[in-house]
Amino acid sequence: MYFLYILILILLYPFFLLALIPLSFKAKYSKLYQKFLPFKQHKRADIHFHFASYGEAVALSDLIRYYKNKGFSVLLTCSSKTGLLKAKELDDNAFLLPYELFLFFWLKPAKSLVVFEAELWLNLLKIYKNHNAKTILLNARMKEKSFKNYYKFKKYYENIFSNFDFILAQSIEDKERLEQFSAKNIEVFTNIKITNKPNITKVLNKNKEIVLIASTHEKEEELILNKLDFNFLKDKCLIIAPRHPERFGEVASLLKNLNMDFNKYSDDVNGYLYKNVFLLDTLGELINFYAISDYVILGGSYVDVGGHNFAEPAHFFCKITAGKFIYSQIAMLKCIDNVVISDEIDFSNIKNAKIKEAYTFDNLCEILDRTMNETR
């Protein structure tokens, strides 16, 4: 099976190169060539962290700093342009993970590989196992919908999950589903994003109550705006924070078409103090705005995305509501009180959210320290 997998990678490579030409002109994919033409070499490291996106890089930030402070060198690889931007803030030894064929030549395996959530690449795992390095799947989840899709390719995913020495799952349900794919040595923790207490980078001023629409996706802003009670918004500031930077212009156009009088962060960082509608068209500032928000409407939940990180606004005791598509956040939501999940948006009876379980960063580090010591 593995030989067939490599053969398919070889056959697909020319098609990916052809697709790369038009995609390289789009901002979202401007760094994609680095995956298929990986000229830059990385430095050998003690721990290799692999993740997908900006949000996952943020979730791993404290853990990466923890091991760096203990004297471990790290290699950071990811699958997205924004993830790479965040990874570079954490360590210079950061790259887009090359196309799997090139891993044979590019990768100098670390002592341990830590894969985050669903970044499952067979070749990456095989190379590490062939070098007797240790493999950890962190924050593992397998929602029911994914389970059905994975089961169609059961042999392939058995090959993937059986190559992990240790798996830290988000819930008992995730553990039980993973076990059906030959996964072993699984412990249940929770979504580790719960353990990351968000760090604000600056203290923002505030002169009115704030309603923050956070981490929205395509078509979601209009859906949410149509659900809002604008009488409730009177004397409040409505802030809209799209999740992906390539959509900032699209959302600005939407607000113009709706004849909304608004400011943008890119024009005036304090514009939210002077207008009742504000477009947060930047990355890295969402936590600072969570810290001063009274109400949060969390995106990725009114369209079929699966939801986003509820813990971040909950740490600041915001009143939080979200739509019905929250299947990726079920484990996290079990650890937070007072979040309202509804297709309607009504803040009249919502209480301040709060983290209810004592899942600490220290507990997470203790589990991983033990695991790495056992598996090395």
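Read on for a plain summary of the structure. Everything numeric in this text was worked out from a predicted model, so none of it was measured.

1. Some thoughts on the overall build of the protein
Across its full length, the protein carries 15 helices and 16 strands. Taken over C-alpha atoms, the radius of gyration comes to 21 Å for the protein, in line with the 21 Å a tight globule of 376 residues would show. Its C-alpha atoms give the protein principal-axis dimensions of roughly 60 × 45 × 45 Å. When burial is assessed residue by residue, the protein has 54% of its 376 residues classed as buried. Here the protein displays about 17600 Å² of accessible surface, and carbon together with sulfur accounts for 53% of that area.

2. Focus on the sheet that holds strand E3 (residues 94-96)
Two strands in a sheet stick together by hydrogen bonds in their backbones, pointing the same way (parallel) or opposite ways (antiparallel). Reading across the sheet, the 7 strands line up as E3-E2-E1-E4-E5-E6-E7 and stay open at both edges, with parallel pairing between neighbours. Both edges of this open sheet fall to E3 and strand E7 (186-188), since each of them pairs with a single strand only. Within this sheet the neighbouring strands show an average axis-to-axis angle of 20 degrees, counted without direction. Summarising the sheet, strand E6 (residues 166-169) and E7 pair through 3 bridges and their orientation is parallel. Across the sheet, Ala-169 pairs through a bridge with Val-188, a residue of E7. With respect to the sheet, helix H4 (residues 81-90) is in contact with strand E2 (74-78) and E3, its orientation differing from that of E3 by roughly 170 degrees.

3. Quick word on the pattern of salt bridges
Within this structure, the stated rule accounts for 18 salt bridges. For the salt bridge of Arg-65 with Asp-62, the shortest nitrogen-to-oxygen distance reads 3.3 Å. Residue Arg-65 and its partner Asp-62 are both found in helix H3 (residues 54-69); the two are separated by 3 residues, about one turn of the helix. Judged by its relative accessible area of 39%, Arg-65 is partly exposed. Residues Lys-236 and Glu-209 are paired through a salt bridge, measuring 3.7 Å at the closest nitrogen-oxygen approach. Pair noted here: Lys-236 is in strand E9 (residues 236-242) and Glu-209 is in strand E8 (residues 209-216), with a separation of 27 residues, a long-range link. Given a relative accessible area of 11%, Lys-236 falls into the buried group. Under the relative-accessibility criterion, Glu-209 is labelled partly exposed at 35%.

4. As for a nonpolar patch on the surface
Among the surface-exposed residues, Phe-3, Leu-4, Leu-7, Ile-8, Leu-11, Leu-12, Phe-15, Phe-16, Leu-18, Ile-21 and Phe-25 lie close enough to one another that they form a single nonpolar patch of about 1200 Å² accessible area. Relative accessible area serves as the criterion here: at 34%, Phe-16 is assigned to the partly exposed category.

5. Some details on the sheet that holds strand E11 (residues 277-279)
Read across the sheet, 7 strands follow the order E10-E11-E9-E8-E12-E13-E15 without closing on themselves; strand pairing throughout is parallel. The sheet terminates laterally at strand E10 (263-264) and strand E15 (340-341), the two strands that pair on one side only. In terms of strand pairing, E9 meets E11 through 3 bridges, oriented parallel. When the sheet's bridge partners are listed, Ile-239 is paired in E11 with Phe-278. The strands that helix H11 (residues 248-257) touches are E9, E10 and E11; relative to E11, the one it contacts most, it runs at about 160 degrees.

6. Concerning the environment of Ser-112
Checked against the element boundaries, Ser-112 lands in strand E4 (residues 112-116). A C-alpha to C-alpha distance of 4.7 Å links Ser-112 and Lys-134, two positions 22 residues apart in sequence.

7. Some thoughts on the packing of aromatic side chains
Counting across every chain of the model gives 27 aromatic pairs. Measuring from centroid to centroid gives 4.9 Å for Tyr-66 and Tyr-67, while their planes differ by 80 degrees, and the two rings are edge-to-face. Take Tyr-67: its relative accessible area is 1%, and that puts it in the buried class. The rings of Tyr-5, Phe-147, Tyr-150, Tyr-151, Tyr-156, Tyr-157, Phe-161 and Phe-181 are connected pair by pair, giving a single aromatic cluster. Against the face of Phe-95 rests Lys-88, its NZ or CZ located 5.2 Å from the ring centre. Note that Lys-236 overlies the ring of Phe-232, its terminal NZ or CZ placed 4.3 Å from the centroid.

8. Things to note about the nonpolar core
Core analysis: the largest hydrophobic core is formed by 42 residues, its most contacted members being Leu-107, Leu-137, Ile-160, Phe-161, Phe-164, Ile-167 and Leu-178. Counting residues per element, the ones that place at least two in this core are helix H1 (2-23), helix H5 (103-106), E4, helix H6 (122-130), strand E5 (134-140), helix H7 (144-151), helix H8 (154-161) and E6. What Ile-160 contacts, discounting residues up to four positions off in sequence, is Leu-120, Trp-121, Leu-122 and Leu-125.

9. What about H6?
Residues lying three or four places apart along an α-helix face the same way, a consequence of the helix completing one turn every 3.6 residues. For H6, a buried count of 7 out of 9 residues is recorded, marking the element as mostly surrounded by other parts of the structure. Two residues or fewer past H6, Asn-132 is found with a positive phi of approximately 55 degrees.

10. Quick notes on H3
When the terminal C-alpha atoms of H3 are compared, their 22 Å separation across 16 residues agrees well with the 22 Å that a helix rising 1.5 Å per residue should span. Where H3 bends most, the angle comes to about 45 degrees, and this point is Leu-60. By the burial criterion, the buried members of H3 are Tyr-54, Glu-56, Ala-57, Ala-59, Leu-60, Ser-61, Leu-63, Ile-64 and Tyr-67. Of the residues one or two after H3, Gly-71 is the one with positive phi, at around 100 degrees.

11. Some points on the packing of H6 against H8
Interhelical geometry of H6 versus H8 gives an angle of 40 degrees and a closest axis separation of 9 Å. One finds that H6 runs oblique with respect to H8. For the pair H6 and H8, the crossing hand works out as left-handed. Every residue of H8 that contacts H6 at Leu-122, Leu-125 and Lys-126 is listed here: Tyr-156, Asn-159 and Ile-160. Of the residues belonging to the contact of H6 with H8, the class tally is 4 nonpolar, 1 polar and 1 charged.

Reading the values: rules and limits
- Residues numbered from 1 in each chain as written.
- Predicted model: local features only at pLDDT ≥ 70, side-chain atom pairs only at ≥ 80, totals over all residues.
- Heavy atoms only, no water.
- Helix = DSSP H or I, 4+ residues; strand = E, 2+ residues; numbered from the N terminus.
- Rg over C-alpha atoms; globule rule 2.2 N^0.38 Å.
- Buried < 20%, exposed > 50% of the residue type's maximum accessible area, 1.4 Å probe, protein only.
- Areas by Shrake-Rupley, 256 points an atom, 1.4 Å probe, with all protein chains shown as cover.
- Pairing = 2+ DSSP bridges.
- Axes fitted to C-alpha atoms, helices over the stretch in contact; angles between N-to-C directions.
- Contact = heavy atoms within 4.5 Å.
- Salt bridge = Lys/Arg side-chain N within 4 Å of Asp/Glu carboxyl O.
- Patch = residues over 30% accessible without salt bridge, like charges linked within 9 Å, V, L, I, M, F, W, Y side chains within 5 Å.
- Phe/Tyr/Trp six-rings, centres within 6.5 Å; stacked < 30°, edge-to-face > 60°.
- Lys NZ or Arg CZ within 6 Å of the ring centre and 35° of its normal.
- Core = buried A, V, L, I, M, F, W, Y, C linked by side-chain atoms within 4.5 Å.
- Expected span 1.5 Å × (residues − 1).
- Bend = angle between axes of the 7 residues up to and from the residue.
- Parallel < 35°, antiparallel > 145°, perpendicular 65-115°, else oblique.
- Left-handed = near helix turned anticlockwise from the far one by under 90°.
- Nonpolar A, V, L, I, M, F, W, Y, C, P; charged D, E, K, R; others polar.

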